[in-house]
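Geometric and topological summary
Listed below are the residues making up each chain.
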Amino acid sequence: MIADAENEGPAFELQYFLAGKSRHTLMLFHHFIDAWKAVGPVSVHPAKTMIGIANSHKRVVYITQLGKNFVHVVFPFKERYDDNLCFQKIARVPGDVQCNHHLRIFLPEDVNEEVLYYMKLAYDS
């Protein structure tokens, strides 16, 4: 697990994001990372307020919250994908073409075929 060069230091290490989290949340986090590794090679980039997951040329998703019993994830797509059952919210970034698609993972099976489809779409775009 690596941090951005400009954000190096103890405040941006993965262990600080994971410290004190429930076993359930840690299991979900690792399950989600393993699902990404099945899509393709990825790296994890802790930053000040979130954890980025990147392929070889860009960040493909952001983990924005590790809750008591969930992991909150944001997919930054360039268009809206409204025809889905997995995203709880889709919001366009003001002044940008980016549409953030919000996913909340409560159980390992929440990373289902539909979510895997969007993971592959994010990875390949």
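First, a word on what this report is: a plain description of the structure on this page. On a predicted model such as this, the values are computed, not experimentally measured, just so you know. (Residues numbered from 1 in each chain as written. Predicted model: local features only at pLDDT ≥ 70, side-chain atom pairs only at ≥ 80, totals over all residues. Heavy atoms only, no water.)

**Side note on helix α3 (residues 113-124)**
Three or four residues apart is the spacing at which side chains of an α-helix point the same way, because the helix has 3.6 residues per turn. End to end, α3 covers 16 Å across twelve residues, agreeing with the expected 16 Å (1.5 Å per residue, within 8%). Turning to α3, its buried residues are V115, Y118, M119, A122 and Y123. The buried side chains of α3 occupy one side of the element, clustering within an arc of 140° when seen end-on. Those residues of α3 that are exposed and aimed more than 90 degrees away from the buried face are E113 and D124. On its buried face, α3 sits against α2 (23-39), β3 (59-66), β4 (71-77) and β6 (99-105). (Helix = DSSP H or I, 4+ residues; strand = E, 2+ residues; numbered from the N terminus. Expected span 1.5 Å × (residues − 1). Buried < 20%, exposed > 50% of the residue type's maximum accessible area, 1.4 Å probe, protein only. Arc of directions from axis to C-beta. Contact = heavy atoms within 4.5 Å.)

**Overview of the state of the cysteines**
Taken as a whole and judged by the stated rule, the model has zero disulfides. Between C86, a free cysteine, and C99, which holds the nearest cysteine sulfur, the sulfur-to-sulfur gap is 14 Å. (Disulfide = S-S within 2.5 Å.)

**Thoughts on the side chain of T25**
Mapping T25 onto the fold places it in helix α2. For T25, a relative accessible area of 1% translates into the label buried. Within polar-contact distance, the side chain of T25 engages the backbone oxygen of G67 at 2.6 Å. Non-local contacts of T25, meaning those with residues more than four positions away in its chain, are made with L66, G67, K68, N69, F70 and V71. (Polar contact = N/O pair within 3.5 Å; in protein donor to acceptor, adjacent residues only side chain to side chain.)

**Looking at the packing of α2 against α3**
One can describe the packing of α2 onto α3 by two numbers: an axis separation of 10 Å at closest approach and a directional angle of 60°. Judged on the interaxial angle alone, α3 and α2 are oblique. By crossing handedness, the relation of α2 to α3 is classed as right-handed. Contacts between α2 and α3 involve F32, A35, W36 and V39 on the former and, on the latter, L116, M119, K120, A122 and Y123. Classifying every residue of the contact of α2 with α3 gives eight nonpolar, no polar and one charged. (Axes fitted to C-alpha atoms, helices over the stretch in contact; angles between N-to-C directions. Parallel < 35°, antiparallel > 145°, perpendicular 65-115°, else oblique. Left-handed = near helix turned anticlockwise from the far one by under 90°. Nonpolar A, V, L, I, M, F, W, Y, C, P; charged D, E, K, R; others polar.)

**As for the pairing of strand β1 (residues 43-46)**
The pairing of β1 with strand β2 (residues 51-54) spans four bridges and is antiparallel. Paired with H45 across the strands is G52, a residue of β2. Linking β1 back to β2 in an antiparallel pair, the connection comprises four residues. (Pairing = 2+ DSSP bridges.)

**Let's talk about α2**
With 17 residues, α2 extends 25 Å from end C-alpha to end C-alpha; this agrees with the ideal 24 Å at 1.5 Å per step. Within α2 the residues assigned to the buried category are T25, L28, F29, F32, I33, A35, W36 and V39. For α2, the buried positions fall inside an angular range of 155° around the axis, keeping them on one side. Of the exposed residues in α2, the ones pointing more than 90 degrees away from its buried face are R23 and A38.

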